[in-house]
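# Understanding the architecture of this molecule
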Amino acid sequence: RLNNSSSGGGGSVFIIAAAEGSEANRRKERERIYGHRPSMATQTTASCTGSTLLQPISEIINLPLDQVNFVACQLFALLMAVWFRLYLHPSKTSPFIRHVVATLLGFYLALFCFGWYSLHFLVQSGLSYSVMVFAGLEHMHKYCFIVTLGYLILCQITRVYVFDYGMYSADFTGPMMVITQKITSLAFEIHDGLTKRDGQLTPTQKYLAIRRMPSLLEYLSYNCNFMGILAGPTCSYNDYMAFIEGTGYQPRHQENANGKENGKYKQSEPSPKNDVISKLCTCAISLAIYLSLCKLLPVEHSIDDDFVNSTPFHLQVIYLYLAMLSLRPKYYFVWTLADAINNAAGFGFNGYNKDGSPRWDLISNLRILDIEFATSFKSFLDNWNIQTALWLKRVCYERCAINPTAATFLLSAMWHGVYPGYYLTFLTGIAMTMAARAVRHNIRPYFLGSDSYKCIYDVITWAWTQIAISYTVAPFVLLAVGPSLKFYR
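Throughout what follows, the structure given in this document is the object of discussion. Being a predicted model, the structure only gives us computed values, none of them experimental.

Helix-helix packing: each pair is described by the crossing angle between the helix axes and the interaxial distance. In the contact formed by helix α20 (residues 451–478) and helix α21 (residues 481–488), the axes pass within 8 Å of each other and the chain directions differ by 155°. Classified by the angle their axes make, α20 and α21 are roughly antiparallel. For the pair α20 and α21, the crossing hand works out as right-handed. Only Pro 483, Ser 484, Phe 487 and Tyr 488 of α21 make contact with α20, whose side of the interface consists of Tyr 471, Ala 474, Pro 475 and Leu 478. Tallied by class, the residues present in the contact of α20 with α21 amount to seven nonpolar, one polar and no charged.

Take a look at the structure:
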């Protein structure tokens, strides 16, 4: 979603909201009514639940209104982020003012994109905060997890199977997916900070532990700030508070960093300008590639009967890889833009490199080159939707006593949504993960004897990884049971 879409989410701004069999029927009905196939902008005029202010632009460029609203709001958020860093800097104003402005701007963007459906963000946050305040600390994190995830799933079910939001309707549950990550992480971190001794916590849990209950304003600012309300990414509460209070440039704990380099050059506040420009360039290239290729290589073509019957198997595999490859720039665009917005506001500083240059990847959601050249299933997943992977690790994998791998994949499927294709993907993912571990453990040692053997192993495992990922993710894109099972056959 951007996950299948932001939000993600990411998650999940452009996900197609069509239950099995309904998409074709809606298309035929539109063609019967209009007498021809209407433009994408016309298709979404009625289904867009947000503002129609940009409808003329949507018609001119022939893109769905909800997508135009999303991009416009993210560009507006980028401008506001620059203003926020320069004029509401922690040295110039109080954390209270920064919280208020970040929250109000976030609510405005949500209303513009989703209309009254954005009230679900407040309802979900309000219910969960009530649980945090009134439930006992001993079990508060469990109740909060159930309430938050349950409300998300309820909204996903009603959006997909109860109401018909149209073929290209904006998915208001995309932001809720990120809010779910934040709320559940916060609940576990409060539980760790207020009920456990330091000796019971891992170094990461100790760093993330929250020692006092957040105020309602702090809580809403963390969940609904303008930098992450539409596309995330999720972040830890302590990191967000450090950003608001202006202490984010001090040395910090890092899970995978050399402590010597981190904080070495901390005398002056680093500028995010170069990283923001670089990420915006990446966004432009990704968007251009996606718009150029998305219609040329549809994944659905891989299950077309004529294509399957007339195309050799190895060419079908190559087509599947290229079709999946053409989808990824959409995610690169949305997640990199979200990262640039946070960086422009001054959020995302993660220490320094060996050469003294600042790192602005604290909440980055992907590493594009590591994804495209991954030589193992795990390497691909470790660099894709990074913040969601960290959330799954911290709230499930590290805390589940029974079969944490299966539990983590199940939670991931439930969090993504209710389409059957999600569950087929994550069930396949469990098997692929186990197989990849076995191959790496039993076969890889035979190729480490020389550089040439290692190179051969890397090439083979790169090809296998890309094919395995494409095969695993296909049902995630196809969504419905019928097409997914047809693909497997």
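Attention now goes to empty space enclosed by the protein. Over the atoms rolls a probe the size of a water molecule, and in doing so it shows where empty space is left. The calculated volume of the largest cavity comes to roughly 80 Å³. Lining the largest cavity are Ser 185, Phe 188, Glu 189, Asp 192, Thr 204, Gln 205, Leu 208, Arg 394, Val 395, Glu 398 and Arg 399. Secondary-structure elements contributing two or more residues to the lining of the largest cavity are α8 (173–195), α9 (203–208) and α17 (386–397). No other element matches the four residues that α8 contributes to the lining of the largest cavity. Broken down by class, the residue content of the lining of the largest cavity amounts to three nonpolar, three polar and five charged.

Mapped onto the elements, Ala 407 comes out in helix α18 (residues 404–416). Each C-alpha atom of the pair Ala 407 and Tyr 397 lies 7.3 Å from the other, and the pair is ten residues apart in sequence.

The rules behind these values
Residues numbered from 1 in each chain as written. Predicted model: local features only at pLDDT ≥ 70, side-chain atom pairs only at ≥ 80, totals over all residues. Heavy atoms only, no water. Axes fitted to C-alpha atoms, helices over the stretch in contact; angles between N-to-C directions. Helix = DSSP H or I, 4+ residues; strand = E, 2+ residues; numbered from the N terminus. Parallel < 35°, antiparallel > 145°, perpendicular 65-115°, else oblique. Left-handed = near helix turned anticlockwise from the far one by under 90°. Contact = heavy atoms within 4.5 Å. Nonpolar A, V, L, I, M, F, W, Y, C, P; charged D, E, K, R; others polar. 1 Å grid on protein atoms, 1.4 Å probe; cavity = no way out; pocket = protein on both sides within 12 Å on 5 of 7 lines; lining within 4 Å. Points joined across faces, edges and corners; volume = space filled by probe spheres on them.

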